[in-house]
Amino acid sequence: DIANPHSFVVSRDGKQIAYISKGALWVCRVDAGPPRKLVDLPNTITAILADPANQEQREDSAASPHDTRYTAFTGPVHLDQHYVLSLGWTRDEKGLVYVLRKRVREGSPVAVNHVVYTSVAGEVEEVAVIEGQFGIPWEYTTSFHLTADRKFVVISAYSPLIWDVTAARPRVTPYD
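Throughout this description, residue numbers start from 1 for each chain and increase along the sequence as written. This being a predicted model, a pLDDT of at least 70 is required before a residue's local features are given, and a value of 80 or more before pairs of side-chain atoms are given or counted; all residues contribute to the totals for chains, interfaces and linings. Here the side-chain values reflect all heavy atoms present in the structure, with hydrogen atoms and water set aside.

Visitor: Just checking my understanding: could you explain the packing of aromatic side chains for this structure?
Guide: Each aromatic ring pair is characterised by the separation of its centres together with the angle its planes make. The rule is short: rings of Phe, Tyr and Trp, with Trp giving its six-membered ring, pair when the centres are within 6.5 Å, and they are stacked under 30 degrees, edge-to-face over 60, tilted in between. All told, the structure shown has zero aromatic pairs when counted by the stated rule. Here, over-ring charges are defined by two tests on the NZ atom of lysine or the CZ atom of arginine: distance to the ring centre within 6 Å, and angle to the ring normal within 35 degrees. Lying over the aromatic face of Tyr117, Arg150 brings its terminal NZ or CZ to 3.9 Å of the ring centre.

Shown next, in the form of structure tokens:
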């Protein structure tokens, strides 16, 4: 899998690690295996590279320098590629929160960001859907944080945004 700081996170107590590999979100104790798959993440770069048809790109990415800007594919090969951003444990460590970013169209900075909660049992809940322009070309310059009460999403990109989950609209933007 491509080196990506958004693709793994250790729990606060240091006993578990969650990571994205082969198109899925996995969780494992750090002192013993095996890992458990929580949820599939189709169309992510790890899912695309796991496809046997992409063996050459997989080998190239494995040999690439660990640079978050590394692109396994050049050109408009995978417009529907989804990016996983800001993987993190919840405060109670009973689940994980992450954002699935999906581009609206090729060459456009507009994206739809799905804020997702997945319990360690594998139950998935979409917390918020936020559409907007949040940076281009490097997806990984944007970070998200879901408050413990799941009422607000704080987005940090070129400018900050506080999203009200209940009202499904911005609460604070740099334009207020």
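Visitor: What is the right way to read the sheet that holds strand S3 (residues 24-29) from this model?
Guide: Strand pairing in a sheet relies on backbone hydrogen bonds. The paired strands run either parallel or antiparallel. In space, the four strands of this open sheet follow the order S1-S2-S3-S4, with antiparallel pairing throughout. Pairing within the sheet leaves two strands with one partner each, and these edge strands are strand S1 (8-10) and strand S4 (36-40). For this sheet, the mean angle separating the axes of adjacent strands, direction not counted, is 15 degrees. Should DSSP find at least two bridges between two strands, the strands are taken to pair. Runs of H or I in DSSP of at least four residues are treated as helices and runs of E of at least two as strands, each being numbered from the N terminus. Strand direction decides the pairing type here: S1 and strand S2 (residues 16-21), joined by three bridges, are antiparallel. Its bridge partner lying in S2, Val10 is registered against Ile17. Axes, fitted as lines to C-alpha atoms, cover a helix only where it is in contact. Angles between the N-to-C directions of the axes lie from 0 to 180 degrees.

Visitor: Could you clarify how one ought to interpret the sheet that holds strand S6 (residues 95-103) in this entry?
Guide: Read from one edge to the other, the open sheet built from four strands follows the order S5-S6-S7-S8, with strand pairing classed as antiparallel. Strands at the two margins of the open sheet, each flanked by one partner only, are strand S5 (82-89) and strand S8 (124-133). Averaged over neighbouring strand pairs, the angle between their axes works out to 20 degrees when direction is ignored. Relative to S6, S5 runs antiparallel, the two being bridged by six bridges.

Visitor: Help me out: how do you make sense of the environment of Asp92 in this one?
Guide: With respect to the secondary-structure elements, Asp92 resides in the loop between S5 and S6. For the pair formed by Asp92 and Arg12, sequence separation is 80 residues and the distance between their alpha carbons is 9.1 Å. In protein, a polar contact requires one atom able to donate a hydrogen and another able to accept it; more generally it is a pair of N or O atoms within 3.5 Å, and residues adjacent in sequence count only if both atoms are side-chain atoms. At 2.6 Å, the side chain of Asp92 forms a polar contact with the side chain of Thr90. Only 2.9 Å separates the side chain of Asp92 from the backbone nitrogen of Lys94, close enough to count as a polar contact.

Visitor: I would appreciate a short explanation of unusual backbone geometry in the present structure.
Guide: In most cases, non-glycine residues show a negative phi, while peptide bonds are predominantly trans. For the bond running from Gly33 to Pro34, omega is 0 degrees, close enough to zero to count as cis. Turning to its location among the elements, Pro34 is positioned in the loop between S3 and S4. Its identity as a non-glycine residue notwithstanding, Glu93 has a phi of 60 degrees, on the positive side. Considering the arrangement of structural elements, one finds Glu93 in the loop between S5 and S6. The classification of residues rests on relative accessible area computed with a 1.4 Å probe and restricted to protein chains. Under 20% of the type maximum is buried, over 50% is exposed, and intermediate values are partly exposed. Glu93 sits in the buried class, given a relative accessible area of 14%.

Visitor: I would appreciate a short explanation of the pairing of strand S9 (residues 143-146) in the present structure.
Guide: Sheet faces and side chains relate simply in a regular strand, where the side chains alternate between the two faces. What you see with S9 is a clean split: Phe144 and Leu146 sit on the buried side and Ser143 and His145 on the side with no burial. Where S9 lies against strand S10 (residues 152-156), four bridges are found, and the strand directions are antiparallel. Considered in S10, the bridge of Ser143 is made with Ser156. In textbook terms, the turn of a hairpin is the stretch between consecutive antiparallel strands, and for S9 and S10 this stretch comprises five residues, one of which, Arg150, has a positive phi near 60 degrees.

Visitor: Hey, could you run me through the side chain of Asn113 in this one?
Guide: Topologically, Asn113 is positioned in strand S7 (residues 110-119). Classification of Asn113 by relative accessible area gives buried; the value is 0%. Side-chain polar atoms of Asn113 contact the side chain of Arg101, separated by 2.9 Å.

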